[in-house]
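Structural characterization, general
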Amino acid sequence: MTRSDGLVEFSGPPPAAHTTNTRHARIVAQLVNNPGKWAVIGRYGSAASARSTALNIRTGKLAAYTPAGAFDAVARTVHSGDESEFRVYARFIGAGGGAEAA
């Protein structure tokens with residue numbers, strides 16, 4: 001953007017506000033502090049949503065879970081009477097990955 005006198009204002013952009021305080025960033029901090037331990041990180045409205053989220057975590061497509069392979073995640077459907085709940089479980093396995101999925 002130029003000023004009214006035609007001169008350009010040189011200024012770097014502020015840091016992105018969403019990168020350090022998102023729900024997933026807070027989850028990642030807890031997983032990293034408990035490596036190898038599975039945690040329920042979300043409940044979703046459908047099995048497809050849960051599976052998609054688990055895949056995006058494993059592949060690092062959700063930015064908080066980078067690098068790809070540092071986190072393991074699975075989707076599970078849990079039945080209780082007539083109700084079904086679609087959960088995502090995740091764990092931190094380190095930048096090298098390599099842990100077996102449940």
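The following refers to the structure shown. (Residues numbered from 1 in each chain as written. Predicted model: local features only at pLDDT ≥ 70, side-chain atom pairs only at ≥ 80, totals over all residues. Heavy atoms only, no water.)

**Quick notes on the pairing of strand β2 (residues 71-80)**
For the record, the criterion: Pairing between two strands requires that DSSP report at least two bridges joining them. Runs of H or I in DSSP of at least four residues are treated as helices and runs of E of at least two as strands, each being numbered from the N terminus.
In the sheet, β2 pairs with strand β3 (residues 83-92) via ten bridges, with the strands oriented antiparallel. For Val78, the partnering residue across the bridge sits in β3 and is Glu85. Taking the residues that link successive antiparallel strands as the turn, the β2-β3 hairpin has two residues, and the phi of Gly81 there is positive, at about 65 degrees.

**Focus on the packing of aromatic side chains**
Worth spelling out the cut-off: In summary, the pairing rule links any two rings of Phe, Tyr or Trp, Trp by its six-membered ring, whose centres are within 6.5 Å, and it sorts them by plane angle into stacked for under 30 degrees, edge-to-face for over 60 and tilted for everything else. Whether a residue is buried, partly exposed or exposed follows from its accessible area with a 1.4 Å probe, protein chains only, as a fraction of its type maximum: under 20%, in between, or over 50%, in that order.
Across all of its chains, the model carries two aromatic pairs by this definition. Ring centres of Tyr65 and Phe71 lie 5.2 Å apart, and the angle between their planes is 90 degrees; on these two criteria the pair is classed as edge-to-face. Taken individually, Tyr65 and Phe71 each receive the classification buried, so the pair is uniform in this respect. Ring geometry for Phe71 and Phe92: centres 5.2 Å apart, planes at 55 degrees, overall tilted. Note that Phe71 is positioned in strand β2 and Phe92 in strand β3, a separation of 21 residues in sequence. Summarising the burial analysis for this pair, Phe71 and Phe92 share the class buried. Members of the aromatic cluster, joined through ring pairs, are Tyr65, Phe71 and Phe92.

**As for the side chain of Arg87**
Here is the rule we go by: Each polar contact in these results corresponds to two N or O atoms within 3.5 Å; when the atoms are within protein, one needs to be able to donate a hydrogen and the other to accept it, and residues that are neighboring in sequence are counted only if both atoms are side-chain atoms. Contacts are residue-level and defined by heavy atoms, with any inter-residue pair within 4.5 Å sufficient.
Inspection of the secondary structure puts Arg87 in strand β3. A distance of 3.0 Å separates polar atoms of two side chains, one belonging to Arg87 and the other to Tyr89. Excluding residues that lie within four positions of it along the chain, Arg87 makes contacts with Val40, Gly42, Arg43, Ala50, Val74, Ala75, Arg76 and Val78.

**Topic: unusual backbone geometry**
Most peptide bonds take the trans configuration, and most residues that are not glycine carry a negative phi. With an omega dihedral of 0 degrees, the bond running from Thr66 to Pro67 counts as a cis peptide bond. Position of Pro67 relative to the elements: it lies in the loop between α2 (47-58) and β2.

**Comments concerning α2**
Inclusion rule: Take the residue count of a helix, subtract one, and multiply by 1.5 Å to get its expected span. Arc, as used here, means the arc of the directions from the helix axis to the C-beta atoms.
With twelve residues, α2 should cover 16 Å at 1.5 Å per step; its first-to-last C-alpha distance of 17 Å lies within 8% of that length. Ala50, Thr53, Ala54 and Ile57 are the residues of α2 that are buried. Down the axis of α2, the buried side of the element spans an arc of 100 degrees, and every buried residue falls inside it. Its buried side turned inward, α2 meets β1 (39-44), β2 and β3. Residue Gly60 follows α2 closely and has a positive phi angle near 75 degrees.

Keep in mind these numbers describe shape, not what the thing actually does.
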